[in-house]
Amino acid sequence: MTTGISGSPPPAPPLVPARRDLLTRRVRWLVAATIAYNVIEAAVAITAGTVASSAALVGFGLDSLVEVSSAAAVAWQFSAADSAVRQAREARALRIIAVSFFALAAYVSVDAVRALAGGHEADHSMTGIVLAALSLAIMPFLSAAQRRAGRELGSASAVADSQQTLLCTYLSAVLLAGLLANATLGWSWADPVVALVIAAIAVKEGRNAWRGDACCATPPPPDPGRAAEPAAPDACCAGERLSSPAR
């Protein structure tokens with residue numbers, strides 16, 4: 001693979017209109033699927049959490065609502081038919097996504113600290129276990145598909161929203177581990193400890209979204225009238241670029 005002066009891959013070629021339209025429709029469908037799933041997930045998690053007095057399940061349901069707000073921001077951006085309008089909406093969509101990350105981190109942190117400080121113990125919830133396992137199976141595919149489309153489009157907001165979906169995958173794994181540990185071993189401390197790690201990741205992703213540094217978002221094609229500048233290496237997806245087949 002040919003590389004630039006700095007050893008990084010060369011800039012991606014401009015997308016033809018047909019390909020851009022296809023990717024835009026794909027992002028719209030993925031965002032719609034994410035919103036629909038998370039609305040259902042939130043309703044089930046909050047209901048099951050209330051019945052079982054489980055702060056973890058209620059928090060997971062609230063996280064689903066936060067993700068809906070993030071996906072809705074991207075849906076609003078991509079609702080514009082004109083690519084220039086979508087580009088103009090990018091910064092505001094990123095701000096909304098960043099605030100969603102920060103809100104999620106704040107809630108998870110407060111809830112985890114309360115649990116570690118001796119909050120009430122939750123009852124076992126088979127509904128919560130099934131829901132967490134289902135989310136753990138579905139969310140990685142939605143995240144990966146949106147991330148690929150967002151990178152090719154050069155949309156930092158679409159990539160940032162895919163990171164929000166990926167964070168939901170981590171939370172699903174934490175929730176599942178916590179519910180299983182509580183049901184089988186009585187380890188009530190496991191879930192809040194790992195939740196604090198997830199909160200730290202959410203803060204990091206929120207900062208990246210606020211600055212527009214979504215991982216691997218391909219920059220727009222350079223101006224033909226200007227000399228192309230070598231792109232800086234992107235460590236977070238260097239492995240994927242090296243393993244991607246040439247087009």
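Residues numbered from 1 in each chain as written. Predicted model: local features only at pLDDT ≥ 70, side-chain atom pairs only at ≥ 80, totals over all residues. Heavy atoms only, no water.

Comments concerning the overall build of the protein
Looking only at helices and strands, the protein has seven helices and zero strands in total. Reading the protein from its N terminus to its C terminus gives the helix and strand order α-α-α-α-α-α-α. Contacts spanning at least 24 positions in sequence make up 77% of the contacts within the protein whose residues lie at least 6 apart. In the form shown here, the protein has an accessible surface area of approximately 12700 Å², with 66% of it arising from carbon and sulfur atoms. (Helix = DSSP H or I, 4+ residues; strand = E, 2+ residues; numbered from the N terminus. Contact = heavy atoms within 4.5 Å. Areas by Shrake-Rupley, 256 points an atom, 1.4 Å probe, with all protein chains shown as cover.)

Overview of the side chain of S143
Among the secondary structure elements, S143 is positioned in helix α4 (residues 126-153). Ignoring sequence-local partners within four residues, the contact set of S143 consists of S162, T165 and L166.

Details of the pattern of salt bridges
Side chains that differ in sign of charge can pair as their charged atoms come close. By the definition in use, this model includes one salt bridge. For the salt bridge of R19 with E152, the shortest nitrogen-to-oxygen distance reads 2.8 Å. Residue R19 is found in helix α1 (residues 17-52), and its partner E152 is found in helix α4; the two are separated by 133 residues along the sequence. The partly exposed category is assigned to R19, whose relative accessible area is 28%. We classify E152 as buried; its relative accessible area is 18%. (Salt bridge = Lys/Arg side-chain N within 4 Å of Asp/Glu carboxyl O. Buried < 20%, exposed > 50% of the residue type's maximum accessible area, 1.4 Å probe, protein only.)

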